[in-house]
Structures are given as structure tokens and as C-alpha cells.
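Chain by chain, the residues:
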Amino acid sequence: MTTSDSVRVRFAPSPTGYLHVGGARTALFNWLFARHAGGKLILRIEDTDFERSTSEMVEGIVEGMKWLGLDWDEGPFFQSQRLPMYRARAEKMLESGRAYHCFCTKEELEARRARAQAEGRTPKYEGLCRKLPKEEAERRRTAGEACALRFAVPETGVTVIPDAVFGNVEFANTELEDFVLLRSDGIPTYHLSVVTDDIDMRITHVIRGADHLSNTPKQMLQYQALGAPLPIFAHVPLILGPDKTRLSKRHGATSVMSYREEGIVPEAFRNFLALLGWTPENSAKEILGDKELIAAFSLENISHSNAVFDRSKLDWFNTEYIRAYPSERLLPLIRHEWELAGLKPESNDESKLLSTIDLLKPRARNLKDFAGAFRGYFTDDYQTDPAAIEKFLKDDAVRAMLAEMAEKYAAASEFSEQSTEQVLRDFATEKSVKAGALINGSRVALTGQAVAPSLFAVMVALGKEKTVARLRNAMKLNA
RNA sequence: GGCGCUAUCGUCUAGGGGUUAGGACGUGAGAUUCUCAAUCUUAAAACACGGGUUCGAUUCCCGUUAGCGCUACCA
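What comes next concerns the included structure.

So, how was this worked out
- Residues numbered from 1 in each chain as written.
- Chains lettered and ligands numbered in written order.
- Predicted model: local features only at pLDDT ≥ 70, side-chain atom pairs only at ≥ 80, totals over all residues.
- Heavy atoms only, no water.
- Helix = DSSP H or I, 4+ residues; strand = E, 2+ residues; numbered from the N terminus.
- Rg over C-alpha atoms; globule rule 2.2 N^0.38 Å.
- Buried < 20%, exposed > 50% of the residue type's maximum accessible area, 1.4 Å probe, protein only.
- Contact = heavy atoms within 4.5 Å.
- Areas by Shrake-Rupley, 256 points an atom, 1.4 Å probe, with all protein chains shown as cover.
- Core = buried A, V, L, I, M, F, W, Y, C linked by side-chain atoms within 4.5 Å.
- Axes fitted to C-alpha atoms, helices over the stretch in contact; angles between N-to-C directions.
- Parallel < 35°, antiparallel > 145°, perpendicular 65-115°, else oblique.
- Left-handed = near helix turned anticlockwise from the far one by under 90°.
- Nonpolar A, V, L, I, M, F, W, Y, C, P; charged D, E, K, R; others polar.
- Lys, Arg positive; Asp, Glu negative; His and termini not counted.
- Salt bridge = Lys/Arg side-chain N within 4 Å of Asp/Glu carboxyl O.
- Polar contact = N/O pair within 3.5 Å; in protein donor to acceptor, adjacent residues only side chain to side chain.
- Pairing = 2+ DSSP bridges.
- Phe/Tyr/Trp six-rings, centres within 6.5 Å; stacked < 30°, edge-to-face > 60°.
- Lys NZ or Arg CZ within 6 Å of the ring centre and 35° of its normal.
- Near = heavy atom within 4 Å.

In this section: the overall build of chain A. For chain A, the count of helices and strands is 19 helices and 12 strands. Scaling as 2.2 N^0.38, a compact globule of 479 residues should have a C-alpha radius of gyration of about 23 Å, whereas chain A reaches 32 Å, well beyond that. Based on the C-alpha atoms only, the size of chain A along its principal axes is roughly 110 × 50 × 40 Å. Evaluated residue by residue, chain A yields a buried proportion of 50% over its 479 residues. Excluding contacts between residues fewer than 6 apart, the proportion of contacts in chain A whose partners are at least 24 apart in sequence is 77%. In the structure as shown, chain A presents an accessible area of about 22,600 Å², 51% of it carried by carbon and sulfur atoms.

Below, the structure is given as C-alpha cells:
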């Protein structure tokens, strides 16, 4: 057995919300680590909070991972289906004296917490029921009195977490309270279920958000109580919004799938996310495909500080990826955008669509551009940008000349980039105007936009018929 | 409040006892004149603060401040 094939990591979201950006980054890091090590990634759904967990959210998480291209090797496992295992673990800890029954009611607990707070003391479970004689606890429990199971935290000493990212992090045991393992309804809390599952699923590396760092001593104590080997913990700094507070709905899109809806290409999003909180060793470039990301990934290069989600950098990655994508790969994504925008391309000729996409993609920043600014390349059902008219077509004389020039094109036997340019330049000479004026005007008349690729390439892409028709129509384009 | 983590350009970061503190995104300027959201050139922009240690600290230590996290019979 080599160390590499023994690596087992997990992504363990709770289905109380869609797959958000932070969760996606955690999933990505786990995936990169597993693939780098040739290990396994396990998907585990932490749905022990029945109140808030829904199956739609499970689907949403799966959908988000698939969109990002993150595949897993085992699961999804559902904690809700593993309840007996948690109870068995809890029972073991009760038997070994590391856990005890607590009969305090929620109300009592809350009242005491409020009082502690009011008196300026640290609100912490005082261990009232810990002092209960075993026999009495057992008697009350069998008599049917509701009770939770608490872990008996050592009253002295420190628990030190050897974290692969942050190094040794120490917590005094006195700071920890006797946390609940099993709720009075028999449902495990997070603290019990993660530990149980991570042991049972033979997880070797726990890679998760730094928000769990403070919970980790509670988990370490259980490993010790259970005599189980400790996994390697690696806590990953959090992702913040532009105002440096934790990324949340307030900041707009936090669901991964909303980025697909915004026209982001999945690889661009993945690349962007990978570089949020991690930098590959001596790598000058930032555009990194999955293979490169996997090859370079290591826990050591994860940063210790939180990172701000920078939308403009995401947009840059998106631009780079759209440009680099072969048009064959872009086409299905663009078709999705066309559907959303209700655009039906007039041509069914796929090679024509592909060549038009190739022409356009160096100027695209977003998949939506193909259904928005570039609409006129695919359908006659488009609007001319008034600002573009204002810029290049407000002169009646120019518009009239374009209409006149349309007839030159109609009469032309050849229709190539060279010939179309020749026609225009000859016509400009004939009219004693600058070719540029005609070119800029034509651009607006032909595409509805002030920005486009080289005009003659555009003409060829549109074809003779459309070029003529749209130039003839130039007179009607009033600002 | 307590505990924990963190602190390099606006943002992501590299670096590390002696550096012109490097790169990328974004921003400004210029070039191109067939447009620009393309391309090229270029500029501005950072070691949070205060004490130590040291010949020398942005780097190591302590403190302060700030931000974030945890502090539930949520996960």
C-alpha cells in the first residue's frame, strides 16, 4: 500500500442551502487534493438538521458540483440514514465514562445562559448533570425523562490541533463546554456525526472551512475517547465579500449556479476559485486548467488569511476562457444562452455558426454577449444600439451612401474579405469621403453595435444577402 | 465579553533579517485609426500602529488596533 492510494477526503455540505461559493471552494480543494494524491473523494450530506434540510438542496449541491466538473468516488451518503451508527458511538462513550446524560431542559439552559451573559460571565454549560450519580441518571432515563447525551470534556489540560495550514493551534480544555453529542430526540449533533463518519469512512484528511477550527478540539477529544487515529486537519480561510464581511446573500450571487446563469464558463469559475486562498508554487501564470491545478495543488500553499471575492477578476478569467475555448465547446453553452434569450439562430449550418463564434470570441467577455451584443450575427431579430447610431450614423449623408453602396454589393459577383473591402474603398474614393466613415457606419448598420470585429470579416460572416439588406436599411436607422 | 485565527498596492498574492518589495486583476495615460470591450506600450498604487531583539526589521518576539471565526439539544 502506498500513501497515495490511501488518501481519502470528503466534502460534507449540509443541505440547508444551495451550493454557495465558499462550499464550492472547499469542495474544489478536496477534489484537487484527492486527484493530486490519486485518492478518493467522498460526498457526504450532513442532513441531521431535519428542520432545515431539503432534498432540493441536495440536488442543488450535486448540480453545482457537476457544473464545476467536480466528480466524487463514493456517496452521496446521507447522515439521516446512518443514525444507528451515531448512537452506537455515543453508547461507547457513555460506557467508557466519557459521556453522560443531561436532563436540563432547553428552557433552563437558555435561562442560565442569559443570566451568565447578564452577569458578564462566559455562558457555558456548568456540568450540572455531570455530577449526577450514574444510578440516578439511569433511573430517571428509564423512567422516561427526556435527556441529551453530553461529552465530558477534561477539566484540565490543553488540546492542540496539528493543522496542516495553520500549524499547531492550542485550546485550553477549560474553554470548552460539555457539548451535546446526542439530542434528547436521539438525533446526533454535528460534533458526533462528523467524527463518527470520518472514522467510519476512514477519512485521512479533513479539509474544510476555517469556521470549523474552533470546533476541532471538540472533535479531537472524541477521537481520543474512542481511541481512533486522528486525521490530518487542514482549515481553509474563508471567502469574504467586497466589504470584507463574510460572503452572504447580501453580496448578491452566492450560489454557484447563479454564475452559470450569469454567463460564466465553469472552468473560468473553477480557476478563479482555486486561486482564492491558494497559490501554486513558483507559478507565474494564473490561467490554469484542471490538469495543471491538480498537479500543483498542495495544502502547504494555502494562505492563512481570508480572501475577498473579486468579481472583476472572475470576469477576466471568463474572458480568457471564452477566448481559449474551441468554438465547438462554446456552441452548446451559447445555445443555452440563446434559449434563455429566446433567440433562434437563422442558420442551422453548424460550421457557419462555429466560424461566426470564432470571429466573435476574441471580443466576448461573457457567454451572454452571444445572445446580447452579438445578437445581430445570428438573427435579424435584434436592436440597433442608439449610442452606436449617435456615434457613427447620425449623418444623413453617410446613411444615404450606405444605401447606395448596398447596390454595389448586390451587383458584385465576388463576396470575399478582399473584394468587399475593395468595393468599399473604391466607393469612398468615388464619393470623396474617408473609408473610415463608411466602415464605421457600416459596422453599426450591419451589427447594430459600435464595436465589432474587422468589418469585412463581419460582412463575409453575415453573407452577401444580409449585408445588402442591412445596408439598404441604413436610411431607417435614426437616432 | 471569552477563546481562536489573520494583517504586503483598491483586490488576489510572491517574497523575506540588508530587495529599485515582484506578478496578476482593476484603474490612469499613450499608441493603433476599421470601431474597442481587442492588441501593444506605459504610469500610479502596499509591508496596519507602537515597542523590543539586531549593526540592520516589512520579515523574528511582545503589545495595540482592526477584520474574521467559534462561543446552540445549527451545521
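More follows now that the structure is in view.
The next thing to look at is the nonpolar core. One finds F269, F309, F370 and F378 to be the most contacted residues of the largest nonpolar core, which totals 101 residues. Of the residues forming this core, the biggest block, 10 residues, is contributed by helix α1 (residues 21-37). If near-sequence neighbours (up to four positions away) are discounted, F370 is found in contact with I322, I334, W338, L343, I357, L360, K361, A364, R375 and F378.

Below, the discussion takes up the packing of helix α15 (residues 396-411) against helix α19 (residues 464-472). Packing of α15 against α19 brings their axes to within 7 Å, and their N-to-C directions diverge by 155°. Between α15 and α19, the interaxial angle falls into the category roughly antiparallel. As α15 runs across α19, the sense of the crossing is left-handed. Taken together, the residues of α19 that come into contact with α15 (itself represented by L402, A403, M405, A406, E407, Y409 and A410) are K464, V468, L471 and R472. Residues of the contact of α15 with α19, tallied by class, amount to eight nonpolar, no polar and three charged.

Moving on: the side chain of R150. Summarising the element assignment, R150 is placed in strand β5 (residues 148-151). Although R150 lies buried, it forms no salt bridge, and the closest oppositely charged side chain, E177, sits 5.1 Å away as judged by the N-O distance. From its side chain, R150 meets the backbone oxygen of D178 in a polar contact 2.7 Å long. When neighbours within four sequence positions are excluded, R150 is seen to be in contact with R98, A99, Y100, C102, L109, Y125, D178, F179, V180 and L181.

Right, let's talk about the environment of L424 for a bit. Assignment of secondary structure puts L424 in helix α16 (residues 417-431). Remark: the alpha-carbon pair of L424 and M405, spanning 19 residues in sequence, is separated by 7.5 Å. In this view, L424 contacts M405, Y409, A435, L438, I439, S442, L455 and F456; residues no more than four positions away in its chain are not counted.

Before going further, it helps to examine the pairing of strand β4 (residues 99-102). The side-chain alternation of β4 yields two buried faces, one formed by A99 and H101 and the other by Y100 and C102. Alignment of β4 against β5, held across four bridges, turns out to be antiparallel. Bridge assignment links A99 to a residue of β5, and that residue is F151.

A few words on the packing of aromatic side chains. Under the counting rule described, the total for this entry stands at 14 aromatic pairs. Here the aromatic rings of F272 and F309 are separated by 5.0 Å at their centres, their planes lie at 90°, and the arrangement is edge-to-face. Of the two residues, F272 sits in helix α9 (residues 266-274) while F309 sits in the loop between β12 (307-308) and α11 (311-324), which places them 37 residues apart along the sequence. Considered together, F272 and F309 belong to a single accessibility category, that of buried residues. An aromatic cluster of three or more residues is present, and its members are W67, Y259, F269, F272, F309, W316 and F317. The residue whose ring lies beneath R25 is F29, and the NZ or CZ to ring-centre distance is 5.0 Å. Against the face of Y125 rests R150, its NZ or CZ located 3.6 Å from the ring centre.

All right, on to the protein's contact with RNA strand B then. Lining the immediate environment of RNA strand B, one finds 67 residues, of which D49, R183, R443, A452 and F456 sit closest. Counting only the atoms of RNA strand B within 4 Å of the protein, the fraction contributed by sugar and phosphate is 72%. Taking G277, its main chain carries an N or O atom lying 2.8 Å from a phosphate oxygen of RNA strand B. Taken together, the residues of the surface near RNA strand B sort by class into 26 nonpolar, 20 polar and 21 charged.

A separate point is the pairing of β5. Going residue by residue along β5, you find A148 and R150 tucked away on one face and L149 and F151 tucked away on the opposite face as well. Sheet analysis places β5 next to strand β8 (residues 180-182), joined by two bridges and oriented antiparallel. Across the sheet, L149 pairs through a bridge with L182, a residue of β8.

The next subject is the pattern of salt bridges. Across all of its chains, the model carries 37 salt bridges by this definition. As a salt-bridge pair, R52 and D49 come within 2.8 Å of each other at their nearest N and O atoms. Overall, the relative accessible area of 23% leaves D49 in the partly exposed class. Two residues, R82 and D200, come together in a salt bridge whose shortest N-O distance is 3.6 Å. Here R82, found in the loop between β3 (74-78) and α3 (83-95), pairs with D200, found in helix α6 (residues 190-200); they are 118 residues apart in sequence, far enough to count as distant. Several salt bridges converge on common partners, so that one network encompasses R10, R44, E46, R82, R89, D197, D198 and D200.

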